[in-house]
Amino acid sequence: MKVLIISDTHGKSSCIQQIHDIVGDVDMLIHLGDVEGDEKLIRDLFKCEIHMVRGNCDYNAELPIYDEFNIGDKRAFITHGHRYSVNSGISYLEELIDLEGYDFVMYGHTHRRDLTCYKDAYIVNPGSLALPRDNRVGTYMLLDFDQHGTPFFAENELSNIDTPEGKKRKSFLEDLWG
């Protein structure tokens, strides 16, 4: 199962189009908030199961504050993160794992990538596709599972697909996932 995890696109439609061009078809898309009006574009481009939550900049969006669902047989909780004080750390997200037993807790808001293994679970932030704070280009993650059901994450950067590096990355992803 190929899962695209993005966050903090802030209405930059070109980033969403570009990520679609790079990764192609996915089985699930997770957007961790600050969509800022691109909900329809996302639904039009990606023909898969889609989970989106409202961020602190999604003032009029009819999106939930959080969502709980399964990715295969793994339990996931997604939120933008601003209501969990993620700028000060991930201790509240760790508590969610302790109390609720989630396998994945995913958040955005900080515009910085994070992939933390906590006990037997993962706390995940793909960074920002449009306005990264830890990089000069947008970032995203892909989640997949090996033949034993073990999850693995690919941390990626958004690059111009018209450059040789961008074409090389697109070719690599096509070889990896077909």
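These numbers were taken from a predicted model, which means no experiment stands behind them.

A. Summary view of the overall build of the protein chain. A count of helical and extended segments in the protein chain gives four helices and ten strands. Reading the protein chain from its N end, one meets helices and strands in the order β-α-β-α-β-β-β-α-β-β-β-β-β-α. The 178 residues of the protein chain split such that 50% are buried. Once local pairs closer than 6 in sequence are excluded, the contacts in the protein chain between residues at least 24 apart make up 53%. As displayed, the protein chain offers around 8700 Å² of accessible surface, 45% of which is attributable to carbon and sulfur atoms.

B. Highlighting the side chain of Asp-34. Locating Asp-34 in the fold gives a position in the loop between strand 2 (28-31) and helix 2 (39-45). An unpaired buried charge is present at Asp-34: no salt bridge exists, and Arg-133, the closest side chain of opposite charge, is 7.6 Å distant. Leave out the neighbours within four places in its chain, and Asp-34 touches Asp-8, Thr-9, His-10, Gly-55, Asn-56, Cys-57, Asp-58 and His-80.

C. Representation of the sheet that holds strand 10 (residues 151-157) within the structure. Taken in spatial order, the five strands of this open sheet run 3-2-1-9-10, and their pairing is mixed. The sheet is open, and its two edges are formed by strand 3 (49-52) and strand 10, each paired on a single side. The mean inter-strand angle of the sheet, taken between neighbouring strand axes irrespective of direction, is 20 degrees. For strand 9 (residues 139-145) and strand 10, the ladder comprises seven bridges, and the chain directions are antiparallel. By the bridge assignment for strand 10, Met-141 is matched with Glu-155. Each of strand 1 (3-6) and strand 9 is contacted by helix 1 (residues 13-23), which is oriented at about 35 degrees to strand 9, the strand it contacts most.

D. Summary view of the sheet that holds strand 6 (residues 104-106). Spatially, the five strands line up as an open sheet ordered 4-5-6-8-7, and their pairing is mixed. Single-partner strands in this sheet number two, and they are strand 4 (66-71) and strand 7 (113-118). Strand-to-strand, the axes of this sheet are offset by a mean angle of 15 degrees, without reference to chain direction. Note that strand 6 and strand 8 (residues 121-126) share three bridges and pair parallel. Among the inter-strand pairings, Met-106 is bridged to a residue of strand 8, identified as Val-124. Sitting on the sheet, helix 3 (residues 91-100) touches strand 5 (74-79), strand 6, strand 7 and strand 8, and the angle it makes with strand 8 is about 145 degrees.

E. Fine view of the pattern of salt bridges. Applying the stated criterion across every chain, the model contains four salt bridges. We note a salt bridge from Arg-113 to Asp-134, for which the minimum N-O separation is 3.8 Å. Here Arg-113, found in strand 7, pairs with Asp-134, found in the loop between strand 8 and strand 9; they are 21 residues apart in sequence, far enough to count as distant. You can call Arg-113 partly exposed: its relative accessible area is 26%. Overall, the relative accessible area of 34% leaves Asp-134 in the partly exposed class. Here the salt bridges do not stand alone but share partners, grouping Arg-113, Asp-134 and Glu-157 into one network.

F. The arrangement of the pairing of strand 3 in detail. The sheet contact formed by strand 2 and strand 3 spans four bridges and is parallel. Counted as the bridge partner of Met-28 is Glu-49 from strand 3. In this region the chain leaves strand 2, passes through helix 2 and returns to the parallel neighbour strand 3; the handedness of that crossover is right-handed.

About the thresholds
- Residues numbered from 1 in each chain as written.
- Predicted model: local features only at pLDDT ≥ 70, side-chain atom pairs only at ≥ 80, totals over all residues.
- Heavy atoms only, no water.
- Helix = DSSP H or I, 4+ residues; strand = E, 2+ residues; numbered from the N terminus.
- Buried < 20%, exposed > 50% of the residue type's maximum accessible area, 1.4 Å probe, protein only.
- Contact = heavy atoms within 4.5 Å.
- Areas by Shrake-Rupley, 256 points an atom, 1.4 Å probe, with all protein chains shown as cover.
- Lys, Arg positive; Asp, Glu negative; His and termini not counted.
- Salt bridge = Lys/Arg side-chain N within 4 Å of Asp/Glu carboxyl O.
- Pairing = 2+ DSSP bridges.
- Axes fitted to C-alpha atoms, helices over the stretch in contact; angles between N-to-C directions.
- Right-handed = clockwise from strand over helix to strand, strands pointing away.

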